[in-house]
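Residue-level listing of the chains:
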Amino acid sequence: MTDVPPLPDEAAEFLRYAIEEEHGYLSWLGTEVDTVERGRIGLTIPFDEKLTNLASKPTIHGGVAATLIDTAGGLALRLAAEDPLGVDVATVSLNVNYLRRATGDLHATADVVRAGSTIGVSRVDVVSTVPEDGDDDVDWGVEEGEERLVATGQPSYRLFR
């Protein structure tokens, strides 16, 4: 990545619009783009009851964290390419390690581990916070507003240039 030019500002805005406004599934989840850099992206999915498991202690369904890991990992690899719009990625392997239940907003940060000629690997961490307006009678397991690592993954992708 040493010879790769800086990411144009327009690319970040295009990515933000495509995810937040145009992508049916990611838009429905309420996905927000936090940071966009070469080989790195930050995404957030705000807490929403429609994404929770039916449990006495509402937790975000694990598939939402897996979606963040898969999406952020692939986007980080695209952002590492000289021409981010000129490369496509397809998930080859998605391994998610769930560390604790997610009880609030989900924040994912993805970094490129390696971008080879045909295969790329990213590392993604997902943290969660306790909702500000949570029920005082619910034991969330963390202090209000505290972030904890809830899932991590190292997905790999086929790169099509």
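None of the values given here were measured: they were computed from a predicted structure.

Colleague: Any details on helix α3 (residues 62–80)? Residues and values, ideally.
Modeller: Because each turn of an α-helix spans 3.6 residues, side chains separated by three or four positions in sequence point in the same direction. For α3, spanning 19 residues, the distance from its first C-alpha to its last is 27 Å, which sits close to the expected 27 Å at 1.5 Å a residue. Across the 19 residues that make up α3, a large majority, 15, are buried.

Colleague: Lay out the packing of aromatic side chains in plain terms, naming residues and giving numbers.
Modeller: Overall, the coordinates contain zero aromatic pairs when judged by the stated rule. Taking the ring centre of Trp28 as reference, the NZ or CZ of Lys50 above it sits at 4.3 Å. In this structure, Arg158 packs its charged tip against the face of Phe160, placed 4.6 Å from the ring centre.

Colleague: Now, about the nonpolar core: what can you tell me, with residues and values included?
Modeller: For soluble globular proteins, nonpolar side chains are generally found buried alongside one another. Val36, Ile41, Leu43, Leu106 and Val126 are the most contacted members of the largest nonpolar core, which totals 31 residues. For this core, the secondary-structure elements that each account for two or more residues are α1 (9–22), α2 (24–29), β1 (32–37), β2 (40–45), α3, β5 (106–115), β6 (119–129) and β7 (147–153). If one sorts the elements of this core by residue count, α3 sits on top with nine residues. Counting five residues, the second-largest nonpolar core is a separate cluster that includes Leu77, Ala81, Tyr157 and Leu159.

Colleague: Give me the lowdown on the pattern of salt bridges, citing residues and values where you can.
Modeller: Counted under the stated rule, the structure contains four salt bridges. In this structure, the salt-bridge partner of Asp111 is Arg40, at a minimum N-O distance of 2.5 Å. Remark: Arg40 occurs in strand β2 and Asp111 occurs in strand β5; sequence separation between them is 71 residues.

Definitions and limits used
- Residues numbered from 1 in each chain as written.
- Predicted model: local features only at pLDDT ≥ 70, side-chain atom pairs only at ≥ 80, totals over all residues.
- Heavy atoms only, no water.
- Helix = DSSP H or I, 4+ residues; strand = E, 2+ residues; numbered from the N terminus.
- Expected span 1.5 Å × (residues − 1).
- Buried < 20%, exposed > 50% of the residue type's maximum accessible area, 1.4 Å probe, protein only.
- Phe/Tyr/Trp six-rings, centres within 6.5 Å; stacked < 30°, edge-to-face > 60°.
- Lys NZ or Arg CZ within 6 Å of the ring centre and 35° of its normal.
- Core = buried A, V, L, I, M, F, W, Y, C linked by side-chain atoms within 4.5 Å.
- Salt bridge = Lys/Arg side-chain N within 4 Å of Asp/Glu carboxyl O.

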